[in-house]
Amino acid sequence: MIIFERKYSVNVFNTDLTGRLSSGAVFNFFEDIAGRHAVELGWGRDDLMTNGLFWALSRMVVKVERLPMTWDDVTLRTWPRGTETIFALRDLEMYDAEGKRLAAASSSWVIVDYNTRKAQRPDKMLSNLNNRFPEERALDTNARKVPPLPAGEHEMTRLKVKLDDIDVNRHVNNARYVHWAVNCYDPEFIISHTPDTIEVNYIMEGHQNEMINIFTGRSDETGSTFIHSVTRESDGSELCRLRMSWKENRL
């Protein structure tokens, strides 16, 4: 089953103060269907863990057209698109009940050794399946590197990694970084804006009880695009970098 679909309901606990699906929940939904499809294909976490390996998300870009509201039903679609160097590529889409596309994404995954925490090249078997994958693309480009934080004044948000930030791989879950970045904005900004594009690079693992600094800077003159650099306070290591572009809501 190369193209996989599943219906989801937008529950109250998936939404933000506007009643829309939160940006972090978009990543949660996409992570869930990606994991379910990997299991269907025989490449799920349990399959990889028999060899001491697991999947880790390295890069993701999400283009948002519209966010669903509380209790809306949505359909998610996903499919693998083969390999690119060390990355296994996967595209994803979200549709409303009328079949209109709400969001689309391209993601790049790596296989990681559970003990050494080092990325491995995709298995030859996975690479050999490249010619079986659909040519269909959710976006025109794959997820790419997010540029560094621009020079100038930066706002800083400080937080501590808590237990509910940690997933089964014993590191900060990918969606949590998006939740953290959104918490850097004022409520009024979130109410008056909708995400347009969210790009994330996952650089290093974050762990429970670490203190985190999120540095935020404007990436353009219009003030609608921001870079967020998530760093570990103890040694200054950058764990994650995000670029979030926003569009103003129409009245």
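Residues numbered from 1 in each chain as written. Predicted model: local features only at pLDDT ≥ 70, side-chain atom pairs only at ≥ 80, totals over all residues. Heavy atoms only, no water.

Undergrad: Could you clarify how one ought to interpret the overall build of the protein chain in this entry?
TA: When helices and strands are counted, the protein chain shows 5 helices and 11 strands. The C-alpha atoms of the protein chain give 18 Å as radius of gyration, which agrees with the globular expectation for 251 residues (18 Å, within 12%). Along the three orthogonal principal directions, the C-alpha set of the protein chain runs to about 50 × 50 × 30 Å. Considering only residue pairs separated by 6 or more positions, the protein chain has 73% of its internal contacts joining residues 24 or more positions apart. With an accessible surface of roughly 12900 Å², the protein chain has 49% of that area assigned to carbon and sulfur atoms. Separation of charge centres in the protein chain, based on 32 positive and 37 negative side chains, amounts to 4 Å. (Helix = DSSP H or I, 4+ residues; strand = E, 2+ residues; numbered from the N terminus. Rg over C-alpha atoms; globule rule 2.2 N^0.38 Å. Contact = heavy atoms within 4.5 Å. Areas by Shrake-Rupley, 256 points an atom, 1.4 Å probe, with all protein chains shown as cover. Lys, Arg positive; Asp, Glu negative; His and termini not counted. Charge placed at Lys NZ, Arg CZ, Asp CG, Glu CD.)

Undergrad: Help me understand the side chain of T231, please; the structure alone is not making it clear to me.
TA: Mapped onto the elements of the fold, T231 is located in strand β10 (residues 225-232). Residues within four places of T231 in sequence aside, it is in contact with M211, I212, N213, F215, G236, S237, E238 and L239.

Undergrad: Would you take a moment to explain the pairing of strand β8 (residues 193-202) for this structure?
TA: Strand residues, when the strand is regular, have side chains that alternate between the two faces of the sheet. Of all 10 residues that make up β8, 10 are buried, and the element is covered over most of its length. Of the pairings in the sheet, the one linking strand β2 (residues 53-64) to β8 comprises 5 bridges and is antiparallel in character. By the bridge assignment for β8, V62 is matched with I198. Bridge count between β8 and strand β11 (residues 238-248): 9 bridges; the pairing is antiparallel. Across the sheet, residue N201 finds its bridge partner in β11, namely R241. (Buried < 20%, exposed > 50% of the residue type's maximum accessible area, 1.4 Å probe, protein only. Pairing = 2+ DSSP bridges.)

Undergrad: Help me understand unusual backbone geometry, please; the structure alone is not making it clear to me.
TA: A negative phi angle characterises most non-glycine residues, just as the trans form characterises most peptide bonds. Backbone geometry at T85 places phi at a positive 50 degrees, although glycine is not the residue there. Within the secondary structure, T85 sits in the loop between β3 (73-84) and β4 (87-95). We classify T85 as exposed; its relative accessible area is 53%. One non-glycine residue with positive phi stands out, namely R117, at about 65 degrees. Looking at the element boundaries, R117 is found in the loop between β5 (101-113) and β6 (119-120). Assessed through its relative accessible area of 26%, R117 is described here as partly exposed.

Undergrad: What is the right way to read the pattern of salt bridges from this model?
TA: Side-chain pairing between opposite charges can occur once the charged atoms of the two side chains come close. The full count for this structure, using the stated rule, is 18 salt bridges. Between E93 and R101 there is a salt bridge, with the nearest N and O atoms lying 2.9 Å from each other. Here R101 falls in the partly exposed class, since its relative accessible area comes to 26%. In this structure, R158 engages E233 in a salt bridge whose closest nitrogen and oxygen atoms are separated by 2.7 Å. With a gap of 75 residues between them, R158 in strand β7 (residues 155-160) and E233 in the loop between β10 and β11 connect regions that are remote in the sequence. Owing to a relative accessible area of 33%, E233 belongs among the partly exposed residues under this scheme. Beyond isolated ion pairs, a larger network of salt bridges with shared partners links E5, E65, R77, E93, R101 and E136. (Salt bridge = Lys/Arg side-chain N within 4 Å of Asp/Glu carboxyl O.)

Undergrad: Please explain the packing of helix α1 (residues 23-40) against helix α4 (residues 174-182) as it appears in this structure.
TA: Between two packed helices, the angle of one axis relative to the other and the distance separating the axes together describe the packing. Between α1 and α4, the shortest axis-to-axis distance is 8 Å and the interhelical angle comes to 170 degrees. In terms of axis orientation, α1 runs roughly antiparallel to α4. The segment α1 lies against α4, with S23, G24, A25, F27, N28 and E31 engaging N174, A175, V178, H179 and V182. (Axes fitted to C-alpha atoms, helices over the stretch in contact; angles between N-to-C directions. Parallel < 35°, antiparallel > 145°, perpendicular 65-115°, else oblique.)

Undergrad: Please clarify how the nonpolar core should be interpreted in this entry.
TA: Taken as a class, soluble globular proteins show a tendency for nonpolar side chains to be buried jointly. In terms of nonpolar packing, the biggest core is built from 57 residues, with F27, F30, V62, M94 and W180 touching the most fellow members. Element by element, the count of residues in this core is highest for α1, at 8 residues. The contact partners of F27, leaving out residues within four places of it in the chain, are M60, V62, N174, A175, V178, I198, V200 and Y202. (Core = buried A, V, L, I, M, F, W, Y, C linked by side-chain atoms within 4.5 Å.)

Undergrad: Explanation requested: α4 in the structure shown.
TA: Along an α-helix, residues three or four positions apart point the same way, because every turn accommodates 3.6 residues. The element α4 is extensively covered by neighbouring structure, given that 7 of its 9 residues are classed as buried. All of the buried residues along α4 are N174, A175, Y177, V178, W180, A181 and V182. Structurally, the start of α4 carries an N-cap: the backbone nitrogen of A175 is 3.0 Å from a side-chain oxygen of N173. (Polar contact = N/O pair within 3.5 Å; in protein donor to acceptor, adjacent residues only side chain to side chain.)

Undergrad: Is there a simple way to think about α1 in this case?
TA: The first and last C-alpha atoms of α1 sit 26 Å apart over 18 residues, in line with the 26 Å expected at 1.5 Å per residue. Where α1 is concerned, the buried positions are S23, G24, A25, V26, F27, F29, F30, I33, A34, H37 and A38. Positive phi shows up at G42, right after α1, with a value of about 85 degrees. (Expected span 1.5 Å × (residues − 1).)

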